[in-house]
Amino acid sequence: MKNDFVSRGRSVSDLKAHLVLTTKYRRKLFTKEMLDRLHEIFEDLLEKWECKVIEFNGEENHVHLLFQYHPGVELSKLVNNIKTVTSRRLRSEFESRVDEFYHKDVLWNGSYFIASCGGVTVSTLKRYIEEQNSPS
């Protein structure tokens, strides 16, 4: 990956994070269409936070998001916003599908995993996310 630095104010950075979100009770909810829509929502939402999606993929019960952010972003607030917005939109746009799995206004597990990309190379993470067993 080429140097893709973010310049804001007095800082230049190259911060990347790997976020994993799981569905509530690990229910196998997601279809390919839902994952495609979720990718679009992530792109739009992260752009509003002045961040960028590097890679996205998922399986029926979880998603992986690799994104670039700047030092001014409070990751816990960003993740909370991501979970809130994506849950609301997917429940609205795929209401009948979500209602098959949940009777309340839920989608995501209350927990999440996030890690900086310093432990492995970004190319390794990208390959791992690309190789997720997406539903067909």
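None of the values given here were measured: they were computed from a predicted structure.

Participant: Whenever I open this one, the environment of L75 confuses me. Can you help?
Facilitator: If you trace the backbone, L75 turns up in helix 2 (residues 75–93). Distance in space between the C-alpha atoms of L75 and R8 is 17 Å, their sequence separation being 67 residues. Those residues in contact with L75 that lie beyond four places of it in its chain are F67, Y69 and I114.

Participant: Got a minute to help me understand the side chain of S13 in this structure?
Facilitator: In this structure, S13 sits in strand 2 (residues 11–13). According to the relative accessible area criterion, S13 is buried, its value standing at 8%. Other than its neighbours up to four places away in sequence, S13 contacts F5, V6, Q68, Y69, H70 and P71.

Participant: Whenever I open this one, the side chain of K83 confuses me. Can you help?
Facilitator: By secondary structure assignment, the location of K83 is in helix 2. Although K83 is buried, it makes no salt bridge; D105 carries the closest opposite charge, 16 Å away. Not counting chain neighbours up to four residues away, the residues in contact with K83 comprise L21, W108, N109, G110, S111 and Y112.

Participant: How do you make sense of the sheet that holds strand 6 (residues 113–116) when you look at a structure like this?
Facilitator: The strands making up a sheet associate through hydrogen bonds between their backbones, and the pairing can be parallel or antiparallel. Strands sit in the order 4-5-3-6 across an open sheet of four strands; the sheet is antiparallel. Single-partner strands in this sheet number two, and they are strand 4 (52–58) and strand 6. The sheet shows a mean angle of 15° between the axes of neighbouring strands, direction not considered. Taken together, the four bridges between strand 3 (residues 15–22) and strand 6 define a ladder with antiparallel strand orientation. Considered in strand 6, the bridge of A17 is made with S116. Each of strand 3, strand 4 and strand 5 (62–69) is contacted by helix 1 (residues 32–48), which is oriented at about 160° to strand 4, the strand it contacts most.

Each value, and the rule that gives it
Per chain, residue numbering runs from 1 following the sequence as it is written. Only residues with pLDDT of at least 70 are given local features in this predicted model, and only at 80 or more are side-chain atom pairs given and counted; all residues enter the totals for whole chains, interfaces and linings. With hydrogens and water stripped out, all remaining heavy atoms of the structure feed into the side-chain values. Runs of E in the DSSP output that reach at least two residues are strands. Runs of H or I that reach at least four are helices, and both are numbered from the N terminus. For this analysis, residues touch if any pair of their heavy atoms sits within 4.5 Å. For every residue, the accessible area (1.4 Å probe, protein chains only) is compared with the maximum for its type, and the residue is labelled buried under 20%, exposed over 50%, or partly exposed between those bounds. Think of it this way: Lys and Arg go in the positive column, Asp and Glu in the negative one, and His and the chain ends go nowhere. Throughout this description, the term salt bridge denotes a Lys or Arg side-chain nitrogen within 4 Å of a carboxyl oxygen of Asp or Glu. Pairing between strands requires that DSSP locate at least two bridges from one strand to the other. Convention adopted: a line fitted to C-alpha atoms gives each axis, helices being fitted over their contacting stretch, and angles between N-to-C directions are expressed from 0 to 180 degrees.

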